[in-house]
Amino acid sequence: MGRVGTALHELRGAQKSAKGVSLYSRFVNRPAGRYLAAGSYALGLTPNQVTLVSAAFSFAAVAAVALSAPSWGLGVAVWAALAVGFAFDSADGQLARLRGSGSAAGEWLDHVVDCAKLTALHTCVLIAFYRFPEAYGISGDGGEAWLLVPLGFQFAAVVTFFGGLLTEKLKPKPAPGSAAAAPSTLRAVALLPVDYGVFCLVFLLLGGGGLFRWAYAALGAVAVLFLVAFLAKWFRELSAVKR
């Protein structure tokens, strides 16, 4: 068994809990990240280098959305780059666990890149709507109102990201040796609409003009609804925590 095979074997037994993870992340992104982590381990890459590879794929896709006129071919390329970037985003943490080299700086870099990616992606959709209004079917009177959609989506995505991260930091850690709760399949299905990997699929519709616009807006509306539900849930959970 080579280095890649050995790394894969070790990684299968060192996966994070699937609790609170959507089906896409659990059965698509994490397994893809496991193979990328094993390959990165064989190449001698560090977790921080893998984080930067993830950023390179993601920001290349983001720039393409803002700079290029929408088309079906562009949509496939953007989706592919975002999906690969997301898989590498899973790989950096898995590689850190495999190497036993996790660090506060590495975790910080990972979260900063994730936040920058979310902010930039919705900003670039706004820029695309502004630069190519005819291609997206938003020219004419009232079309400028569509520029508010990426701003609302960005607000929901960033607050959800920050709120979830802060909640995990403030909640008490489980007692050592305590068994993790079994993941809920129903919850994993319910979380699909706000999974980043599922969101990336909408860019396959870039060539559809108005089709992309309405699909993007629908996911944005769902993100706002989930944000309200998440905030209520997190506040209720933290209200029981004594500081």
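Just so it is clear, the model here is predicted, and its values are computed rather than measured.

Enquirer: Looking at this structure, how should I read the pattern of salt bridges?
Expert: Charged atoms that come close allow side chains of opposite charge to pair. Scanning all chains against the criterion turns up four salt bridges. Put simply, K171, K233 and E237 are held in one network by salt bridges that share partners.

Enquirer: Teacher, can you tell me more about helix α3 (residues 47–67) here?
Expert: In an α-helix, one full turn covers 3.6 residues, which means residues spaced three or four apart are oriented alike. Its 21 residues place the ends of α3 30 Å apart at the C-alpha level, agreeing with the 30 Å of an ideal helix rising 1.5 Å per residue. Considered for burial, the residues of α3 that qualify are P47, V50, T51, S54, A55, S58, A61, V62, A64, V65 and A66.

Enquirer: Just checking my understanding: could you explain the environment of G220 for this structure?
Expert: Within the element layout of this structure, G220 appears in helix α9 (residues 210–239). For G220 and F153, which are 67 residues apart along the polypeptide, the C-alpha to C-alpha distance reads 4.8 Å.

Enquirer: Sorry, what's going on with the side chain of H122 here?
Expert: Its location among the elements puts H122 in helix α5 (residues 104–131). The buried category is assigned to H122, whose relative accessible area is 2%. If we ignore the near neighbours within four places in the chain, the residues touching H122 are P150, F153, Q154, A157, F199 and Y216.

Enquirer: Teacher, can you tell me more about the packing of aromatic side chains here?
Expert: Describing an aromatic ring pair means giving the distance of the ring centres and the angle of the ring planes. Enumeration over the complete set of coordinates arrives at 17 aromatic pairs. Their ring planes at 75 degrees and their centres at 6.4 Å tell us that F129 and F212 sit as a pair that is edge-to-face. With F129 in helix α5 and F212 in helix α9, the pair connects residues that are 83 residues apart, well separated along the chain. Both residues of the pair, F129 and F212, count as buried. Aromatic pair F153 and F199: ring centres 5.3 Å apart, planes at 65 degrees, arrangement edge-to-face.

Enquirer: Hey, could you run me through the packing of α5 against α9 in this one?
Expert: How two helices pack is summed up by the angle between their axes together with the distance between the axes. At their nearest, the axes of α5 and α9 sit 13 Å apart, and the two run at 145 degrees to each other. Remark: the crossing between α5 and α9 carries left-handed chirality. Contacts between α5 and α9 involve H122, V125 and F129 on the former and, on the latter, F212, R213 and Y216. Class assignment of the residues belonging to the contact of α5 with α9 gives a composition of four nonpolar, one polar and one charged.

Thresholds, definitions, all that
- Residues numbered from 1 in each chain as written.
- Predicted model: local features only at pLDDT ≥ 70, side-chain atom pairs only at ≥ 80, totals over all residues.
- Heavy atoms only, no water.
- Salt bridge = Lys/Arg side-chain N within 4 Å of Asp/Glu carboxyl O.
- Helix = DSSP H or I, 4+ residues; strand = E, 2+ residues; numbered from the N terminus.
- Expected span 1.5 Å × (residues − 1).
- Buried < 20%, exposed > 50% of the residue type's maximum accessible area, 1.4 Å probe, protein only.
- Contact = heavy atoms within 4.5 Å.
- Phe/Tyr/Trp six-rings, centres within 6.5 Å; stacked < 30°, edge-to-face > 60°.
- Axes fitted to C-alpha atoms, helices over the stretch in contact; angles between N-to-C directions.
- Left-handed = near helix turned anticlockwise from the far one by under 90°.
- Nonpolar A, V, L, I, M, F, W, Y, C, P; charged D, E, K, R; others polar.

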